[in-house]
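Tertiary structure, described
Each chain is listed here by its residues.
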Amino acid sequence: MRVAYSWLQEYVNCELPPEELAEKLTMVGLAVERVFAPVEGLDQIIVGKILDIKPHPNADHLSLCSVDTGSVIIQLVSGAPNLKVGACAAVALPGVMLPGGKVEAREFRGELSEGMLCSGAELGTDEWGFGDDKGILLLSGDIPPGTRLDKALNLDDRILEFDLTPNRGDCQAVINIAREVKGIIPGAKLHLPQVAVEECEEKTADLIGVTIQDPDLCRRYACRVVRNIKLDPSPSWMQYRLLSAGMRPINNIVDVTNYVMLEYGQPLHAFDYDMLKGRQINVRRAKAGEKIVSLDGTERELDVEMLVIADQEEAVAIAGVMGGLASEVTENTRTVVLESALFDPYSVRRTAMRLGMRTEASARFEKGVNPEGVIPALNRAAQLIQQLGAGEVTSDLIDNYVRPEPQRSIRVRTSRVNKVLGTELTRAEVQEILSRLDFPCELCGQDSILVTVPPYRVDISEEVDLIEEVARLYGYDQIPVTYPAGTLVQDQDYSYSIKELVTDTMCSFGLDEVVTFSFIGENAFDKLRIPQDSPLRNVLRIKNPLGEEQGVMRTTLLPGLIDVLTYNYHRKLTDLGLFEVGKVFIPSGEGKTPDERLHLGVIACGKVDTGWQVKDVERDFYYIKGIVEGILEILRVEGVQFQSYAGFPALHPGRSAQIFYEKELLGYLGELHPDLLANYEIKTRVVYCELDLDKVIQFSSRDFIAQPIPRYPGVIRDLAVLVPFSVPAARVQELIYRGGGDLLKEVRLFDVYYGDQIPEGYRSLAFSLLYQSPERTLTDEEVAEIHSGILQLLEREAGARLR
């Protein structure tokens, strides 16, 4: 929303500098984004009077002009075709900066030019109706030489550009911005237009009929008829105000409707009366497949949820959005119908979005317009048309108000105001603040004020809204600073703290966090090789998806993560480690809330750069397994088992595993299947794991048990055994721990070998065992006895033998 400061001053007596007013308005919640001149730099340009014109002695297309600048007579060289003795022109003296560069005194073919005679295009005034690129800018009237050009053209103004919040649709009207100015400036008075319409004898009802067929989408529809239309350009003052608001002047009738919309915030529309078949206006829903060519020349297909303005045969306008080309006001128009209506905000917004038409009218209807402003705006438009001599207004008007707006009264308690704001205002002070905004107030009880909400403030519906108004006008900077008080509750949301811990831990592992969409396309399961009967395909479907690729809620984090990895991989980033902590959505049955489960997904490829001193680490199966072990250790989940698993088609059948705690499945990990990678055109090894954190949390120990540093040295023994391939290393490690008892503190697998000198069907596993007692130094005999018992246990239960 843009408003010329001079226009605003017409409605409220404000003498503050525009920049200071902008600061005050911003402080009460009407943010002014910038304050700027209509044309920058005009204050450096002056008016000069051409006293004499002579031909240039050395150039046929140039002239020498003697120009009075008010303080001195100078010579200017110009090639403009419209030079005229006695005319006033725009003069730029040396040193002035123009859009094309700095003006300097210079010679043209041997003759000195002490400045420059400027055209409207060079100054930028042509966009405001002053001059063009065909000659210098000449001014009408007898203007004293030396006068600043911005003052001579009445462009010595400032324009305030507002960045309004969605709830303040009322401030898309200059009059309502003036009300805000009145509220923040002590003693300011509001000067609203005095509207009086001179009507001819012919009655509006004899010329046009109005029927509202869908009152749920149009609560009020009013119109007037204007005869003997004289189509001309609108006056310069009106054109200036429209241009300052960012609107293009068209003709006096259309400009009046736009001007009143900016003034009152009520969109209006003018129909060519002779183009309305049957002399009838029907406000109805569009018919299935009905089409209309809008004012922008585009044919648009409508649906049955859209409201249209129609004559007896067809739609002539899209209600609240844009008029139709067939009923447009043209040079042949002799009679117009002026429309002023109250359309449903949700209907207008839905229609504008579906048709891709965002207009000044729809922007206002979407936010809600003043239901009692329909008639004043209509009468104001009729008055302006009369004042411009553009037509004769018929008597009376048609006003179909099917659902009148009830008056809104809200009780506001002074005690509640002070409790919410942290102030100590009296009831009289609260009343005075609200009265400054023209809110009628009536004292009731000991503490309360009954406030009548003006109809143009559609954003106010309850007590807290009025409290906000008090805060705005009292001044946010005047409200004392207080700090919130509360009781610290330990362990309020354990799952949230776990999520934070997991995120921090994964980042410390050198992985990058990503956040992907929770909705995916069903075709993603095909690319991931997920079979049709897989539980992962039991998805929650979205009723109104943004598109086919966002039609269902995810049941695994893999689709989003592999999309991110693929995007980066194909842009030459081949060493990647990514993770996401997010929710998956499992349907719980018809009409039931889905089960939202917190998962951790990790995907990686390439190598880990460890610097020049150490060989880079491959991101393979053991890398991803180490990530899982690390996070489970941080979460203090002990006794987890990894079991080889070839039943998940997305993973390589020989390089994948499931993660169990006792008999509860926590997740899975492994290399992604080569066929899956081919679907994404990835030609390197990619590893992936996914953990159900909600399950992990169930088995996470919340107690952190600290142990003293051992006082006695430990004893390290190595153990290399031949084990059948069918026995997992984890099973061997489990047996070693069982055989070692309390004195065995650590078992670490440091070598795996199979090949020469190893019997077929066997492999060699080498472990490092740490024995340690907190009470004494262990003897070699004690360690040897335990070591021997471990070997016997392995031979008996795993078929192992000492290598």
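Residues numbered from 1 in each chain as written. Predicted model: local features only at pLDDT ≥ 70, side-chain atom pairs only at ≥ 80, totals over all residues. Heavy atoms only, no water.

Points about the pairing of strand β13 (residues 159–162)
Applied cut-off: Burial classes: relative accessible area under 20% of the type maximum marks a residue as buried, over 50% as exposed, and values in between as partly exposed (1.4 Å probe, protein chains only). Each helix corresponds to a stretch of at least 4 residues labelled H or I by DSSP, and each strand to a stretch of at least 2 residues labelled E; elements are numbered beginning at the N terminus. Note on pairing: two strands pair once DSSP finds at least 2 bridges between them.
Here β13 shows no split at all, with I159 and E161 on one side and L160 and F162 on the other all buried. As judged from the three bridges shared by strand β1 (residues 2–4) and β13, these two strands associate in the antiparallel manner. Considered in β13, the bridge of A4 is made with I159. Here strand β2 (residues 32–36) runs beside β13; their pairing, made up of four bridges, is antiparallel. Its bridge partner lying in β13, F36 is registered against I159.

What about the pattern of salt bridges?
Put simply, the test is: In the sections that follow, a salt bridge refers to a side-chain nitrogen of Lys or Arg positioned within 4 Å of a carboxyl oxygen of Asp or Glu.
Under the criterion given, the structure shown has 48 salt bridges. A salt bridge links R241 to E10, with the nearest nitrogen and oxygen atoms 2.5 Å apart. Highlighted residues: R241 in helix α6 (residues 236–244) and E10 in helix α1 (residues 5–11), separated in sequence by 231 residues. Accessibility expressed as a relative area gives 11% for R241, which makes it buried.

Focus: the pairing of strand β18 (residues 280–285)
A large share of β18 lies buried, amounting to five of its six residues. As defined by bridge partners, strand β15 (residues 209–212) adjoins β18 across four bridges and the pair is classed as parallel. Looking across to β18, one finds that V210 is bridged to I281.

Looking at the packing of aromatic side chains
In this description, an aromatic ring pair is defined by two values, namely the gap between the centres and the angle between the planes. Where we set the bar: Stacked, tilted and edge-to-face are the three classes applied to pairs of Phe, Tyr and Trp rings, where Trp contributes its six-membered ring and a pair requires centres within 6.5 Å; stacked means planes under 30 degrees apart, edge-to-face means over 60, and tilted covers the rest. Criterion for a charge above a ring: Arg CZ or Lys NZ at most 6 Å from the ring centre, at most 35 degrees from the ring normal.
Counted under the stated rule, the structure contains ten aromatic pairs. Ring geometry for W128 against Y240: centres 5.3 Å apart, planes inclined by 40°, an arrangement best described as tilted. Of this pair, W128 sits in the loop between α3 (120–123) and β12 (138–139) while Y240 sits in helix α6, and the two are 112 residues apart along the sequence. Of the two residues, W128 and Y240, both sit in the buried class. Ring geometry for Y668 versus Y688: centroids 6.3 Å apart, planes at 45°, classification tilted. Of the two residues, Y668 is situated in strand β39 (residues 664–672) and Y688 in strand β40 (residues 686–692); the sequence distance between them amounts to 20 residues. On the basis of relative accessible area, Y688 is assigned to the buried category, the value being 0%. Between R571 and the ring centre of Y567, over which it is positioned, the NZ or CZ distance is 3.7 Å. The positively charged end of R801 is found above the aromatic ring belonging to Y762, 5.1 Å away from the centroid.

Let's talk about the sheet that holds strand β23 (residues 322–323)
Across the sheet, which stays open at both edges, the five strands sit in the order β15-β18-β21-β22-β23 with mixed pairing between neighbours. Here the strands that pair on one side only, and so sit at the sheet edges, are β15 and β23. Taken together, the two bridges between strand β22 (residues 315–318) and β23 define a ladder with antiparallel strand orientation. Note on β23: the bridge partner recorded for I318 is M322.

Examining the nonpolar core
Rules: Buried Ala, Val, Leu, Ile, Met, Phe, Trp, Tyr and Cys residues that are joined via side-chain atoms within 4.5 Å together make up what is termed a nonpolar core.
Counting residues in hydrophobic clusters, the biggest one holds 135 residues, and the most contacted among them are L21, L149, Y221, I309 and F343. If you tally residues by element for this core, the top one is helix α10 (residues 374–387), at eight residues. The next biggest cluster of nonpolar side chains, apart from the first, holds 31 residues, and it includes V581, A657, Y661 and L691.

Section: the sheet that holds strand β41 (residues 715–724)
We apply this condition: We call two residues in contact when some of their heavy atoms are within 4.5 Å. Under this scheme, a helix contributes an axis fitted over its contacting stretch, all axes are lines through C-alpha atoms, and angles between N-to-C directions fall in the 0 to 180 degree range.
With antiparallel pairing, four strands are arranged side by side in an open sheet as β42-β43-β41-β44. With partners counted over all chains shown, the strands left at the sheet margins are β42 (744–753) and β44 (801–802), one partner each. Against the sheet, helix α20 (residues 729–740) touches β41, β42 and β43 (762–771), its axis set at about 150° to β42. Against the sheet, helix α21 (residues 780–798) touches β41, β42, β43 and β44, its axis set at about 15° to β41.

Brief notes about a nonpolar patch on the surface
As a reminder, the rule being used: In this scheme, patches are assembled from residues that exceed 30% relative accessible area and form no salt bridge. Like charges are connected within 9 Å, while nonpolar side chains (Val, Leu, Ile, Met, Phe, Trp, Tyr) are connected within 5 Å. Here the Shrake-Rupley method, with its probe set to 1.4 Å, supplies the accessible areas, and only the displayed protein chains count as covering residues.
Taken together, the side chains of F725, L749, V752 and Y754 present a nonpolar region at the surface, about 390 Å² in accessible area. By secondary structure assignment, the location of Y754 is in the loop between β42 and β43.

Considering helix α12 (residues 427–436)
Quick reminder of the rule: This arc corresponds to the set of directions leading from the helix axis out to the C-beta atoms.
Listing the buried residues of α12 in full gives V430, I433 and L434. Summarising the axial view, the buried residues of α12 lie within an arc of 95°, below the 170-degree limit, and thus occupy one face. For α12, the elements touching its buried residues are β27 (408–413), α11 (414–421), β28 (441–444), β29 (448–453) and α13 (463–474). Positive backbone phi, approximately 65°, marks D438, located one or two places after α12.

Side note on unusual backbone geometry
In this structure, R109 is a non-glycine residue whose phi angle is positive, near 55°. A relative accessible area of 53% means that R109 is categorised as exposed. For Q757, which is not a glycine, the phi torsion comes out positive at approximately 70°. Here Q757 is to be found in the loop between β42 and β43.

Things to note about the state of the cysteines
Which entries qualify depends on this criterion: Sulfur atoms of two cysteines make up a disulfide when they are within 2.5 Å.
Overall, the coordinates contain zero disulfides when judged by the stated rule. Here C441 is not disulfide-linked; the sulfur of C444 is the nearest cysteine sulfur, at 10 Å. According to the relative accessible area criterion, C444 is partly exposed, its value standing at 25%.

Re the side chain of S700
Counted only if it meets this: The term polar contact refers here to a pair of N or O atoms within 3.5 Å; inside protein, the definition further demands a hydrogen-donor-capable atom paired with an acceptor-capable atom, and it admits residues adjacent in sequence only when both atoms are side-chain atoms.
With respect to the helices and strands, S700 occurs in the loop between α19 (693–698) and β41. Here L635 takes part through its backbone oxygen, which lies 2.5 Å from a polar atom of the side chain of S700.

Description of the side chain of E580
Along the chain, the position of E580 falls in strand β33 (residues 576–586). Given a relative accessible area of 2%, E580 falls into the buried group. Among the polar contacts listed, one links the side chain of E580 to the side chain of T516, at a separation of 2.8 Å. Setting aside its immediate chain neighbours within four residues, E580 contacts V514, V515, T516, R554, L557, L561, H599, L600 and G601.

Looking at the environment of P144
Of note, P144 is situated in the loop between β12 and α4 (149–152). We classify P144 as exposed; its relative accessible area is 52%. The sequence separation of P144 and C88 amounts to 56 residues, and the corresponding C-alpha distance is 8.7 Å.

What to know about the environment of E442
Within the fold, E442 resides in strand β28. Between the C-alpha atom of E442 and that of T452, which follows or precedes it by ten residues, the distance is 8.5 Å.

A few points about the packing of helix α7 (residues 252–264) against α10
So the rule is basically this: Oblique is the label for any angle not covered by the other classes, which are roughly parallel (under 35 degrees), roughly antiparallel (over 145) and roughly perpendicular (65 to 115). Definitions for this section: a left-handed crossing has its near helix turned counterclockwise from the far helix by less than a right angle. A right-handed crossing has that turn clockwise. Just so you know the grouping, Ala, Val, Leu, Ile, Met, Phe, Trp, Tyr, Cys and Pro go in nonpolar, Asp, Glu, Lys and Arg go in charged, and all remaining residues, Gly too, go in polar.
Relative to each other, α7 and α10 sit at 140°, their axes nearing to 9 Å. One way to sum up the angle between α7 and α10 is to call them oblique. For α7 against α10, the interelement crossing comes out right-handed. Contact residues: I253, V256, Y259, V260, E263 and Y264 in α7; P376, A377, R380, A381, L384 and I385 in α10. The residue inventory of the contact of α7 with α10, partitioned by class, reads ten nonpolar, no polar and two charged.

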